[in-house]
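# Examining the three-dimensional arrangement
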Amino acid sequence: MSIPKKILVIRFSSMGDIIYTTPVIRCLKLQIPGCEVHFLTKEQFKYIYQQNPYLTKLHFLKPTLAETIKDIKAEKFDLIIDLHNNLRTTIIKLATRIPSSTYKKDTVKKWLALKFKWTSLFSKDHLVDRYLETVKFLGVENDNKPIDYYVAREYQLQDLLPATHQDKFVAFVIGATHFTKRLPNHKIIEICKGINLPIVLLGGNDVKDNAEEIKMAVGSNIYSTCGLTNLDQSVFLVSRAHKVIGFDTGLTHIAEAFDKPIASIWGGTTPELLGVYPYKIKNSLLAGIDLSCRPCSKFGLEKCPLGHFDCMEKLPGEIIVNFSNE
């Protein structure tokens, strides 16, 4: 095909998956001269791309698919890069008849790997690399740089943190959508007690009570921003942290954009199955233990299927402490 001048990249969810599309947008924009790069997603994820300098225009999924298809047709795109590959994107491609390239999900392999713990079926490639395969036919190459995230504005640390936590601190992302992705509070407390630097807890209202319990147990070394800051402010704090600790959740993945040392903690999910371990980061730690029952799910569950939660309960906290104190 001729060199496309107007490209639509599609990924509807989730936060972590969308943040890993940013190298695709960057490489398209920088390697195809004069190319317009557009992105289609759900409005709730607009913050990931609102400040991105490589994006020409951000589009949102409308209440009906028919409205979305109408908008896409009106834009007269030359090419669709489908990084979601689900029923809705298939309908969009069929309805618009725009040439397309689609991300290969390997759904069957992942199901077999999860069901029977056939780890040999896990893809060795990072999700970013697999996304970039969809644009390889255009001559676009991986620039081997980290993901992108641009904070909406430059905040002031003194407006977000007390004086005791403004100099050199560890950011601990204690929130995650599903229970099996989070360390129990007593394990977080154990880790925090061993860390020498001030610790800033990050998360939403859903973990505000957890944060208070941790703060009460550990003491003044802890400052909680849970429920006090919006996502953009939390990302800013991550960008200013000395090191970052977090679970398999969006904010932890976004932290990779700032090339901070990251301790990534994995419970019921595994980086091997998802292909979303820290990307192009100079200093990172993947913390997880080998168990016959792990992984128990692709995206996380509301409780341990076997009731023991060994993947988190038996995780040695000292490896996180040692990483943080190095």
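Residues numbered from 1 in each chain as written. Predicted model: local features only at pLDDT ≥ 70, side-chain atom pairs only at ≥ 80, totals over all residues. Heavy atoms only, no water.

### Topic: the packing of aromatic side chains
In this description, an aromatic ring pair is defined by two values, namely the gap between the centres and the angle between the planes. Under the definition given, this model contains five aromatic pairs. Look at phenylalanine 39 and tyrosine 49: their rings are 4.4 Å apart centre to centre, the planes differ by 35 degrees, and that puts the pair in the tilted class. With phenylalanine 39 in strand E2 (residues 36-41) and tyrosine 49 in the loop between E2 and strand E3 (57-60), this pair connects stretches of sequence that are ten residues apart. The buried category is assigned to phenylalanine 39, whose relative accessible area is 0%. Taking relative accessible area as the criterion, tyrosine 49 reaches 2% and is therefore assigned buried. When the ring centre of phenylalanine 77 is taken as reference, the NZ or CZ atom of lysine 6 above it lies at 5.5 Å. One Lys or Arg, lysine 243, reaches over the ring of phenylalanine 323 and ends 4.9 Å from the middle of that ring. (Phe/Tyr/Trp six-rings, centres within 6.5 Å; stacked < 30°, edge-to-face > 60°. Helix = DSSP H or I, 4+ residues; strand = E, 2+ residues; numbered from the N terminus. Buried < 20%, exposed > 50% of the residue type's maximum accessible area, 1.4 Å probe, protein only. Lys NZ or Arg CZ within 6 Å of the ring centre and 35° of its normal.)

### Looking at the domain arrangement of the protein chain
The domain boundaries assigned to the protein chain delineate domain 1 (6-138) and domain 2 (157-325). A separation of 28 Å is found between the C-alpha centroids of domain 1 and domain 2. Between domain 1 and domain 2, the contact holds 18 residues from the first and 21 residues from the second. Between domain 1 and domain 2, the buried area comes to about 1600 Å², and carbon and sulfur atoms account for 69% of it. (Domains from an automatic or database assignment. Contact = heavy atoms within 4.5 Å. Buried area = accessible area lost by both parts, 1.4 Å probe.)

### Describing the side chain of serine 264
Mapped onto the fold, serine 264 is located in strand E10 (residues 262-265). Looking at serine 264, the relative accessible area reads 2%, which means it is buried.

### Things to note about the nonpolar core
In this structure, Val9, Tyr20 and Leu28 are the most contacted members of the largest nonpolar core, which totals 54 residues. When residues of this core are sorted by domain, at least three fall in each of domain 1 (6-138) and domain 2 (157-325). Once residues within four sequence positions are removed from consideration, leucine 28 is found in contact with Ile7, Val9, Val37, Val135, Leu138 and Val140. Counting residues in hydrophobic clusters, the runner-up holds 32 residues, among them Val170, Phe172, Leu183 and Ile214. (Core = buried A, V, L, I, M, F, W, Y, C linked by side-chain atoms within 4.5 Å.)

### A look at the pairing of strand E4 (residues 79-82)
Residues Leu79 and Ile81 of E4 are buried on one face, and the alternating residues Ile80 and Asp82, pointing to the opposite face, are buried as well. Both strand E1 (residues 6-10) and E4 contribute to a ladder of four bridges, which runs parallel. Across the sheet, residue isoleucine 7 finds its bridge partner in E4, namely leucine 79. Here E4 pairs with strand E5 (residues 100-102) via three bridges, running parallel. Residue pairing in the sheet places isoleucine 81 in a bridge with serine 101 of E5. (Pairing = 2+ DSSP bridges.)

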